[in-house]
Every structure is written in structure tokens, then in C-alpha cells.
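Geometric and topological summary
Residue-level listing of the chains:
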Amino acid sequence: MLIAKSFEMPNIDLEEIMRHLTETGKRTHQLWLNEDSLAFIARGREYRSEFHINPSYEIQYSLKGDLNLHYREDGVEKIAYVPEGSCLFQPPLVPHSPRFAPDAFQLVIERPRQPGEIDTFHWFCPNCDNFLHEETYIVSHYTNDPVGRAYDNFFNSLEHRTCKKCGTVAPGRD
Ligand SMILES: [Fe+2]
């Protein structure tokens, strides 16, 4: 019979983590990362507009505040509403953009990335929905804040934010 003898068993005070994120201004805090499971708490980003495509499922639990999960199905943008206290299971490879306030918090649980797996971020024109820009990343650790770095590359480039079809410039971060 197999029995675990030596192990880590994270048991986390979520209120304390939410307080920590509010006080430090940080956007994410990783709770654990092991072979099978990755969990973190995220605070909303008011400027969030990109769609994330990743090879893992995602469990999105609205700890505090409501979530509007924008997602794209067959190229059409849709919204799944996840009120505080509700939980959404999202299959792998769904382009999704979780929109929630900076004082709202999501608990996110995913499968860790396997070697060679890539996370992709897509932006679309806010006027005509034309594809604007892609960023790709290998996510090894959420403390590296891959979403934050993808944002820097997009927002710091007027060229990336300018629609080649209608000329609209997607809003900046400030
Ligand atoms: Fe456009």
C-alpha cells in the first residue's frame, strides 16, 4: 500500500493573502506549485484587454467581487459572468480575458505547464475587432508575472496598439 510519508500540505489564510496584495500593490500571489497543480490569487487589472490562451484548464473562483470572463468562441467575443462565491471551470485553449476590479480577487487553479508548452496572449482592435498583436511566453513560475511582462511589451508600443485595418489606437495603460 502506498502512503505518503514526507510531504508539504499548504493550508492558506486567503484573507491574509488578499490583504497582502492590497497593501503591497502586487497583482498576483502564488499559493503552491507542484507536479499536478498550480494555484494563485489574482487582484484585478483595470487595463486588462488581452486574451490568454494556455494549454491547461483553469478553475476561476470569485473570492471577492464579481468576474466578467470575456472569452472567444469561433472568433466571437462572449462574456461569462461569475459572481462572488461562484466558480467557473474553463477548458484548455479557450482564449479568455478575466475582467475584474483591482479590489476584487480571484482564486485560480491550473495544471502546471509541461516542458515545451507555450502561453499566448492576443489583443484585438477595440473598434473593429481586427487582430492586433501576439505575445508568447513559457511560464515556469507565476512569480515571474508573465502577464505583466506581456502587458509591458504591448502597452509600450504604439505600433502594436495601432489597428492595421481601421487605424484605431487601442488605449494605453495610464
Ligand atoms: Fe480596427
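Above this text you will find the structure in question.
No experiment lies behind these values; they were computed from the predicted model shown.

Pairing geometry for strand 5 (residues 67-73) and strand 6 (residues 76-82), over seven bridges, is antiparallel. Residue pairing for strand 6: Leu-69 is matched across the bridge by Ala-80. Hairpin geometry of strand 5 and strand 6 is characterised by an intervening segment of two residues between the two adjacent antiparallel strands and by a positive phi of about 55° at Asp-74.

Looking at the iron ion, one finds its protein donor set to be Cys-125 (SG), Cys-128 (SG), Cys-163 (SG) and Cys-166 (SG), positioned 2.3 to 2.4 Å from the metal centre. Of note is the iron ion, whose four donor atoms meet at the metal with angles of 103 to 116° in an arrangement that counts as tetrahedral. Sequence spacing of the donors to the iron ion: C-x2-C-x34-C-x2-C. On the accessibility criterion, Cys-128 (28% relative accessible area) is partly exposed.

The rules behind the values
Residues numbered from 1 in each chain as written. Predicted model: local features only at pLDDT ≥ 70, side-chain atom pairs only at ≥ 80, totals over all residues. Heavy atoms only, no water. Pairing = 2+ DSSP bridges. Helix = DSSP H or I, 4+ residues; strand = E, 2+ residues; numbered from the N terminus. Donors = N, O, S within 2.8 Å, 3.2 Å for Na, K, Ca; no water. Tetrahedral: all angles 85-135°; square planar, octahedral: opposite > 155°, others 65-115°. Buried < 20%, exposed > 50% of the residue type's maximum accessible area, 1.4 Å probe, protein only.

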